[in-house]
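# What the coordinates show
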Amino acid sequence: SDGEPIELLVGDALKYRRSAHSDPFDIVFVDIFDDENILPPEFYCTEFLSDVVYQNHLGGRPDGIVVHNFHTSGKSRSSQLADAIKNYRRIFSTVLTVESIDSRHTGGNTILLASNNR
């Protein structure tokens, strides 16, 4: 509700496990890149999206939302985004992407939004 405080948890999404007594998250933000500015594949594979994000973090709630930042310059990053969109669509019924206003053909960011709420 509007009066509840916001809780922010920053950590390793692959290691975090929600306890059975804690509430699931409303929103999960994914914004991670390696030393070469590439998103590691384990952060957009179907196992991560289904088991970690949807089942654990969102608690299987249809109204939970994922916000995922992608760097989108070059063929490898564009291919990575296309693969991620396919994987998200396997788990979530609604998947939208929005390019940042300063994105160019030489690079930028694309924000992917996903939910099972239509």
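Everything below is about the structure printed above this text.
The text that follows walks through the structure, step by step, so that each part is easy to find. (Residues numbered from 1 in each chain as written. Predicted model: local features only at pLDDT ≥ 70, side-chain atom pairs only at ≥ 80, totals over all residues. Heavy atoms only, no water.)

## Let's talk about the overall build of the protein
Quick reminder of the rule: Under the DSSP-based scheme used, a helix requires at least four consecutive residues in state H or I and a strand at least two consecutive residues in state E, with every element numbered from the N terminus. Note on method: radius of gyration uses C-alpha positions; expected globular size equals 2.2 Å times residues raised to 0.38.
Counting secondary structure elements, the protein contains 2 helices and 4 strands. Reading the protein from its N end, one meets helices and strands in the order β-α-β-α-β-β. For 118 residues, the compact-globule estimate of 2.2 N^0.38 gives 13 Å, and the C-alpha radius of gyration of the protein, at 15 Å, lies within 12% of that figure. Considered along the principal axes of its C-alpha atoms, the protein spans approximately 45 × 30 × 25 Å.

## Observations concerning the nonpolar core
To keep things clear, this is the line we draw: Definition used in this section: a nonpolar core is a set of buried Ala, Val, Leu, Ile, Met, Phe, Trp, Tyr and Cys residues joined via side-chain atoms within 4.5 Å. Whether a residue is buried, partly exposed or exposed follows from its accessible area with a 1.4 Å probe, protein chains only, as a fraction of its type maximum: under 20%, in between, or over 50%, in that order. By definition in these notes, contact holds between two residues if any of their heavy atoms fall within 4.5 Å.
Phe 48, Val 66, Tyr 88 and Phe 92 are the most contacted members of the largest nonpolar core, which has 24 residues in total. Elements supplying a minimum of two residues to this core: strand S1 (27-30), helix H1 (46-57), strand S2 (65-71), helix H2 (74-91) and strand S4 (109-115). Beyond its immediate stretch of four places on either side in the chain, Phe 48 contacts Ala 13, Leu 14, Val 30, Glu 42, Phe 43 and Val 53.

## Thoughts on the sheet that holds S1
As a reminder, the rule being used: Criterion used throughout: strands pair if DSSP finds at least two bridges between them. Between the N-to-C directions of two axes lies an angle of 0 to 180 degrees, each axis being a line fitted to C-alpha atoms and, for a helix, fitted only over the stretch in contact.
Pairing in this open sheet of 4 strands is mixed, and the strands run S1-S2-S4-S3 from one edge to the other. Of all strands in the sheet, those with a lone pairing partner are S1 and strand S3 (94-99), marking the two edges. Adjacent strand axes in the sheet meet at a mean angle of 15 degrees, parallel and antiparallel pairs treated alike. Pairing of S2 with S4, which is carried by 7 bridges, proceeds in the antiparallel orientation. In the strand pairing of S4, Phe 70 is matched with Thr 110.

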